[in-house]
Amino acid sequence: MFTRWSPLRVTLVYAAFGTAWILASDTVSSWLFPSLETLAIAQTAKGLLFIGVTATLVYWMVDRTAQDLRRNEARYSELFGDHPDPMFVVGRDGSILEVNRAAIEQYGYTRSELLAMKSPELALTALREQAANNLQRTSDAGAQFESRHQKKDGGEFPVEINARSIRLRGSLCTLLSVRDVTERHKAEEHVRLSEARYALAQRIAGVGTWEWDVATDRVLWTDEVYDIYGVPKGTPMASASDVEGRIHPEDVPRWHESLRACLEDGVEHNLEMRIVRPDGTVRWVTTLGDAQRDASGKALRVLGVVMDVTDRKQAEKERVKLEAQLRHAQKMEAVGRLAGGVAHDFNNILTAILGHIELSRASVPERTPATGPLIDAMGQIELSAERAAALTRQLLAFSRRQVARPRSISLSKVVTDLDKMLGRLIPATISLETDLEPKLQPVWADAGQFEQVIVNLVVNAVDAMPGGGRLTIRTGDVDIEEHGVIVPHVLLAVTDTGCGMDAETQERVFEPFFTTKPMHEGTGLGLSTVYGIVNQAGGRIEIDSEIGRGTTFRVYVPTAAESPDAAEDADASVPAAGGDETLLLCEDDAVVRDLLARSLRSAGYTVLVAEHPTTAVAIAQESRRRIDLLITDVIMPEMNGRDLALAVKAHRPDLPALFISGYPETVIGHAEVRDSAVELLHKPFTQAELLAHVRHILDSSRREAHLRS
């Protein structure tokens, strides 16, 4: 009946009932049992009843306490034994008093083996003393420490130990809960390695991370950000205003707007801006960031990265520059092809004009009042044709289709040799200064062409200074990096103090026929000729000009391995004599072909004429006549002049050839002309020049044949 009553409540009720019983029982007993004998019996019965009730109550209380104790011990045994982590009950001397199933399974010992050990023996030998000390320091509040334990088979593993003092069966003991933290350590090591790799990647990539607490305005940087900003590590950068002080003033408004959009509009902070380092250098950086927000959408902080992109910006700038140069080169190449084609056709016309002028003069008797006007008219025609021929030479120079005869020369000497001519070109209102390197490295170029370069640049400078000024010509040795390799060059710079040029003019200044002069005051071919000659020599030309502050043209030409020639090669003067040899002529232009055949026949030669290369090959193969010389145009349909010469030589191996052309393009190489591997006569040419070249080749061929025999 007392199963729901606590022992204290039962005791109190019993005490109250007992007190009332004792106080009331004597009075009741005296009233019920007046005699002493019966009263004694009643008192004895009352005492026995009280004793019985008391004994029953005491038995119930002891049994109740024993049941609670058994239940607690069963619950403790269940919790202890079934705990997933190894657990040990250890005495004050370290002896293991009790273990659970997890301990037996984890360590590989039997229960009896563990109960025969002391807890420090579970640790590695080197850590046992430390384990014993940790056990002694354990208090009721508990303690936690780490160690390394060893299994029965020798396997080691890291452990985390939670220790707490308890009383068991009246004795003070320590309860140890041991947890294997191998996986946790692996995870921690993985995180550590990941963080280390991330930090290494940041250092290698030059990427830094930053964090801005919006509420406190506190800014945190990684070491990489300090490196990017050029700020010593540890320099206080506590707020956004400190960061603002490092940003280029022109970019600060964009930085503010980007952060505002990030905080208020939810837009990613993405900005490319300039920063100013403490040493004054300006760097380009890209900064990216995104805001972290609370449940209401309020921005709490902005996390981001920053990266130095100065090299990329410079590369992009260089790429844009190179693309512009490529477009300019492609445009100039296209214009050059057009100019070369026009010059080729024009030279055929001029050859015919000049040739017929010569033939006409030969048919006109000496000057008389009747023939004088005719002779004067022919002179004017010849003069105009020569001026036209000069224009075509400029076009060919621009288009780099003029065959040069380069040799090792000093540009300082070329300038010096032009001293008198420059004196006539430059008016008294302009002072000429020269700064020439006396030991200038040689270049491989055509001296006559570079005289054109210097004269054209000087004329352009004079035109830019109508009110007078100063003209400076300078030479020097410079090193230029080309594709990662340092290449020695020679610099020729022409500087004036004239009106200068704007950017648009600078972009078009080398185009043929482009000029800023009034109509009829310039052909627009001077600087285009300079451009072609310099490019043909393997060099390049740059302009540095500003309106009102003058112009500098810088010509860079690669140096040559040989020293400058001591003296110029003198062209041998060959008399324009005729002969009786047989010549094979191939020219696709009918007017030029008829003129050449007529000129050669008038000089005594026998001329076999072919309109097409295939016809010339057939004549060389089928004719039984001795043929002494092949004269052929270079640019022809069906077959070019070089291929024709090779086809003819298959039938007549010793037959020499004279090439004639307005421009040889890539058919006849510059090196071949320079080394006299081929004979080339440039159109337009006179009858005397044609006959002189023919006679020279025939005589040379005869001498060589004589030496071979």
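Draft legend 1. Structural view of the overall build of the protein. A tally of helices and strands in the protein yields 21 helices and 22 strands. Taking all 709 residues of the protein together, the buried fraction comes to 39%. In the protein, of all internal contacts separated by at least 6 residues, the share reaching a separation of at least 24 is 61%. About 39,700 Å² of surface is accessible on the protein, with carbon and sulfur atoms providing 55% of the total.

Draft legend 2. Summary view of a nonpolar patch on the surface. The grouping of L338, V342, F346, I349, I353 and I381 at the surface amounts to a nonpolar patch, some 510 Å² of accessible area in total. Looking at which element gives the most residues to the nonpolar patch, the answer is helix α10 (residues 310–363), with 5 residues. Its place among the elements puts F346 in helix α10. Residue classification places F346 among the partly exposed positions, given a relative accessible area of 33%.

Draft legend 3. Fine view of a negative patch on the surface. Residues D435, E437, D477 and D479 make up a contiguous surface patch of negative charge. Relative to the helices and strands, D479 resides in strand β14 (residues 469–482).

Draft legend 4. Quick peek at the sheet that holds strand β15 (residues 485–496). The strand order across the open sheet formed by 5 strands is β12-β14-β15-β17-β16, and the pairing between neighbours is mixed. Single-partner strands in this sheet number two, and they are β12 (430–435) and β16 (540–545). Here the average twist between neighbouring strands, direction ignored, is 20°. Bridge count for β15 against strand β17 (residues 551–558) is 8 bridges, and the pairing is antiparallel. Within β17, the residue paired with D496 across the bridge is T551. Against the sheet, helix α16 (residues 526–536) contacts β16 and β17, and its axis sits at roughly 140° relative to β16.

Draft legend 5. Structural detail: the environment of F80. One can find F80 in helix α2 (residues 36–82). Given the relative accessible area of 6%, F80 is considered buried. Distance in space between the C-alpha atoms of F80 and L175 is 10.0 Å, their sequence separation being 95 residues. Once residues lying within four places of it in the same chain are set aside, the contact partners of F80 are M87, F88, V89, E98, V99, N100 and L175.

Draft legend 6. Examining the sheet that holds strand β22 (residues 679–682) more closely. With respect to topology, 5 strands assemble into an open sheet ordered β19-β18-β20-β21-β22, the strand pairing being parallel. Only two strands of the sheet have a single neighbouring strand rather than two, namely β19 (606–610) and β22. Recorded for the sheet is a direction-independent mean angle of 20° between the axes of neighbouring strands. Here strand β21 (residues 657–661) pairs with β22 via 4 bridges, running parallel. When the sheet's bridge partners are listed, F659 is paired in β22 with L680.

Draft legend 7. Looking closely at unusual backbone geometry. A positive phi angle, close to 60°, is found at D217, a residue other than glycine. Position of D217 relative to the elements: it lies in the loop between β6 (207–213) and β7 (218–221). On the basis of relative accessible area, D217 is assigned to the partly exposed category, the value being 27%. Non-glycine residue E638 carries a positive phi angle of around 75°. Tracing the sequence through the fold places E638 in the loop between β20 (629–633) and α19 (641–649). The class for E638 is exposed, based on a relative accessible area of 59%.

Draft legend 8. Structural detail: the pattern of salt bridges. Going through the model one piece at a time under the given rule, you end up with 29 salt bridges. One salt bridge connects E316 with R312, and the closest N-O pair in it is separated by 3.3 Å. Of this pair, E316 and R312 both sit in helix α10, separated by 4 residues, roughly a single helical turn. The class of R312 is partly exposed, set by a relative accessible area of 37%. Counted as one network, the salt bridges with shared partners bring together E146, E160, R184 and E188.

Draft legend 9. Local environment of the side chain of R274. Within the secondary structure, R274 is located in strand β8 (residues 269–276). Overall, the relative accessible area of 19% leaves R274 in the buried class.

Draft legend 10. Representation of the pairing of strand β18 (residues 582–586) in the model. Judged by how many residues are buried, β18 sits mostly within the fold: 5 of 5 residues are covered. Where burial is concerned, the two faces of β18 agree: the one with T582, L584 and C586 and the one with L583 and L585 are both buried. As judged from the 5 bridges shared by β18 and β19, these two strands associate in the parallel manner. Residue C586 lies in a different strand from β19, and its bridge partner there is A610. Following the backbone out of β18, through helix α17 (residues 590–602) and into the adjacent parallel β19, one traces a crossover that is right-handed. As paired strands, β18 and β20 are joined by 4 bridges and run parallel to one another. Bridge assignment links L583 to a residue of β20, and that residue is L629.

Draft legend 11. Molecular detail of the environment of E611. Along the polypeptide, E611 turns up in the loop between β19 and α18 (613–622). Judged by its relative accessible area of 45%, E611 is partly exposed. C-alpha separation for the pair E611 and C586, spaced 25 residues apart in sequence, amounts to 5.9 Å. Non-local contacts of E611, meaning those with residues more than four positions away in its chain, are made with E587, D588 and R593.

Draft legend 12. Representation of the packing of aromatic side chains in the model. Scanning the model with the defined rule gives 6 aromatic pairs in all. Their ring planes at 75° and their centres at 5.7 Å tell us that F88 and Y107 sit as a pair that is edge-to-face. One end of the pair, F88, is in strand β1 (residues 87–90); the other, Y107, is in helix α3 (residues 101–107), and 19 residues separate them in sequence. Taking the relative accessible area as the measure of exposure, F88 reaches 0% and is therefore buried. Aromatic side chains F510 and Y531 sit 5.4 Å apart centroid to centroid with 35° between the ring planes, which places their arrangement in the tilted category. Separated by 21 residues along the polypeptide, F510 in the loop between α15 (503–508) and α16 and Y531 in helix α16 bring together distant segments of the chain. Residue class for F510 comes out buried when judged on its relative accessible area of 5%. Members of the aromatic cluster, joined through ring pairs, are F88, Y107 and F157.

How each quantity is defined
Residues numbered from 1 in each chain as written. Predicted model: local features only at pLDDT ≥ 70, side-chain atom pairs only at ≥ 80, totals over all residues. Heavy atoms only, no water. Helix = DSSP H or I, 4+ residues; strand = E, 2+ residues; numbered from the N terminus. Buried < 20%, exposed > 50% of the residue type's maximum accessible area, 1.4 Å probe, protein only. Contact = heavy atoms within 4.5 Å. Areas by Shrake-Rupley, 256 points an atom, 1.4 Å probe, with all protein chains shown as cover. Patch = residues over 30% accessible without salt bridge, like charges linked within 9 Å, V, L, I, M, F, W, Y side chains within 5 Å. Salt bridge = Lys/Arg side-chain N within 4 Å of Asp/Glu carboxyl O. Lys, Arg positive; Asp, Glu negative; His and termini not counted. Charge placed at Lys NZ, Arg CZ, Asp CG, Glu CD. Pairing = 2+ DSSP bridges. Axes fitted to C-alpha atoms, helices over the stretch in contact; angles between N-to-C directions. Right-handed = clockwise from strand over helix to strand, strands pointing away. Phe/Tyr/Trp six-rings, centres within 6.5 Å; stacked < 30°, edge-to-face > 60°.

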